[in-house]
Amino acid sequence: MTNSALRPAIFLDRDGTLNVDVGYLHAIEQLKLYPWTGDALRLLKRAGYLLVVVSNQAGIAQGMIAPGFVEEAHAEMLRRVRDSGGDLDALYYCPHHPRGAVKELATDCRCRKPRPGMIEDAARDLGIDVSRSWTVGDKWLDVQLGQAAGTRSILVRTGWGADQEKQRPERQTVDAICDNLIHATSIILGAPSPKSPLLS
Ligand SMILES: [Mg+2]
Ligand SMILES: [Zn+2]
């Protein structure tokens, strides 16, 4: 019995990976997708990957982002991604922070990256084979998220990525470091599958 019914996914960080990182995104006018984001998502989708955004949004727990704004921003992001030929299957975010100002969100949760809660939830909700999946982001925390969940991982140099590359934690591994999401896409599409019969 294999996991053939399960599908592979790309777990995508949001700010600095899909769109320009403006700090705490709190107004729709600040939402700027990179020019290659739609194309990258279209190519990944066509290759059979589910596309899942996983984003820490501690600004909600800090009281810096209005409740509901993240949902509004994600609806707008989805609209723009689809307008540019791409797609997203689901968007997950963690609204918590251990020292948050909003009492009910001030918790040491299981979903704040690099903890794997969002990927675990998505895998259960959507039927994902994490061993054939990838996590892409502009911080080591995204790479660590992927590793905690059992995916391969790519650090992109957009957003914080170029700085992060220079401040690599000791013994931190990663499958690839590349310029941006479209480059990450070419790496993913060219990589042999870990389940390929040719390799087993
Ligand atoms: Mg980021
Ligand atoms: Zn959380």
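Residues numbered from 1 in each chain as written. Chains lettered and ligands numbered in written order. Predicted model: local features only at pLDDT ≥ 70, side-chain atom pairs only at ≥ 80, totals over all residues. Heavy atoms only, no water.

## Quick notes on the overall build of the protein chain
Going by this rule: Under the scheme used here, helices are H or I runs from DSSP no shorter than 4 residues and strands are E runs no shorter than 2 residues, and both carry numbers assigned from the N terminus. When we talk radius of gyration, it's over C-alpha atoms, and the globule rule is simply 2.2 Å times the number of residues to the 0.38. Areas reported here follow the Shrake-Rupley algorithm with a probe of radius 1.4 Å; residue values treat only the protein chains shown as occluding. Residues counted as positive are Lys and Arg, residues counted as negative are Asp and Glu, and His and the chain ends are not counted. Just so you know, the charge point we use is NZ for Lys, CZ for Arg, CG for Asp and CD for Glu.
The secondary structure content of the protein chain amounts to 7 helices and 6 strands. Going residue by residue from the N terminus, the α and β elements of the protein chain occur as β-α-β-α-α-β-α-β-α-β-α-β-α. Here the C-alpha atoms of the protein chain give a radius of gyration of 16 Å, agreeing with the 16 Å that 2.2 N^0.38 yields for 200 residues. Dimensions along the principal axes, computed over C-alpha positions, put the protein chain at roughly 55 × 35 × 35 Å. When the accessible area of the protein chain is evaluated, it comes to approximately 9,800 Å², of which 53% is carbon and sulfur surface. Measuring between centres, the 24 positive side-chain charges of the protein chain sit 3 Å from its 24 negative side-chain charges.

## Observations concerning the coordination of the zinc ion (ligand 2)
Applicable threshold: Only nitrogen, oxygen and sulfur atoms qualify as donors, provided they sit within 2.8 Å of the metal or within 3.2 Å for Na, K and Ca; with water excluded from the atoms, sites may seem incomplete. The rule is simple: four donors are tetrahedral if all their angles sit between 85 and 135 degrees, four are square planar and six octahedral if opposite donors span more than 155 degrees and the others lie between 65 and 115, and anything that fits none of that is irregular. Accessible area is worked out with a 1.4 Å probe on protein chains only. A residue is then buried under 20% of its type maximum, exposed over 50%, and partly exposed in between.
With distances of 2.0 to 2.3 Å, the protein atoms coordinating the zinc ion (ligand 2) are Cys94 (SG), His96 (ND1), Cys109 (SG) and Cys111 (SG). Taken together, the 4 donor atoms coordinating the zinc ion (ligand 2) span angles of 101 to 119° at the metal, a pattern that classifies the geometry as tetrahedral. Look at where the donors of the zinc ion (ligand 2) fall in the sequence and you get C-x1-H-x12-C-x1-C. Pair noted here: Cys94 is in strand 3 (residues 90–94) and Cys111 is in the loop between strand 3 and helix 4 (117–126), with a separation of 17 residues, a long-range link. For Cys94, a relative accessible area of 0% puts it in the buried group. Accessibility expressed as a relative area gives 12% for Cys111, which makes it buried.

## Section: the layout of surface pockets
The cut-off we apply is this: The pocket and cavity definitions rest on a 1 Å grid over protein atoms only: a 1.4 Å probe that fits but cannot leave marks a cavity, an open set with protein on both sides within 12 Å along at least five of seven lines marks a pocket, and residues lining either have an atom within 4 Å of a point. Grid points are joined across faces, edges and corners, and a volume is the space filled by probe spheres set on the points.
Taken as a whole, the largest pocket holds about 420 Å³ of empty space. Looking at the largest pocket, it is lined by 20 residues, and the ones nearest its centre are Asp15, Asp21, Tyr24, Asn56 and Lys139. For the lining of the largest pocket, the elements supplying multiple residues, two or more each, are strand 2 (50–56), helix 2 (58–61) and helix 5 (140–149).

## Digging into the sheet that holds strand 5 (residues 152–156)
Rule in force here: The pairing criterion for strands is at least two bridges between them, as found by DSSP. Lines fitted to C-alpha atoms define the axes here, with helix axes fitted over just the stretch in contact, and angles between the N-to-C directions of these axes take values from 0 to 180 degrees. Residues count as neighbours in contact if any of their non-hydrogen atoms are within 4.5 Å of one another.
Strands sit in the order 3-2-1-4-5-6 across an open sheet of 6 strands; the sheet is parallel. For this open sheet the edge positions go to strand 3 and strand 6 (176–178), each flanked by a neighbour on one side alone. Ignoring strand direction, the axes of neighbouring strands in this sheet form an average angle of 20°. Taken together, the 3 bridges between strand 5 and strand 6 define a ladder with parallel strand orientation. Note that in strand 6 the partner of Ile154 across the bridge is Ala176. Against the sheet, helix 7 (residues 181–190) contacts strand 1 (9–12), strand 4 (134–137), strand 5 and strand 6, and its axis sits at roughly 150° relative to strand 5.

## Some details on the pairing of strand 5
To keep it simple, the criterion reads: A crossover gets the label right-handed when its path from the first strand over the helix to the second runs clockwise, viewed with the strands pointing away from the viewer.
The element strand 5 is largely enclosed, with a buried count of 5 among its 5 residues. Pairing of strand 4 with strand 5 involves 4 bridges; the strand directions are parallel. Counterpart to Trp134 in the pairing with strand 5 is Arg152. Assessed by its sense of winding, the connection that carries the chain from strand 4 through helix 5 to strand 5 is right-handed.

## Section: unusual backbone geometry
In terms of backbone geometry, most residues other than glycine have negative phi values and most peptide bonds are trans. Backbone torsion omega between Lys113 and Pro114 reads 15°, so that peptide bond is classified as cis. By the element assignment, Pro114 lies in the loop between strand 3 and helix 4. Phi at Arg171 takes a positive value of approximately 65°, unusual for a residue other than glycine. Tracing the sequence through the fold places Arg171 in the loop between helix 6 (161–166) and strand 6. Of the residues examined, Arg171 reaches a relative accessible area of 77% and is grouped as exposed.

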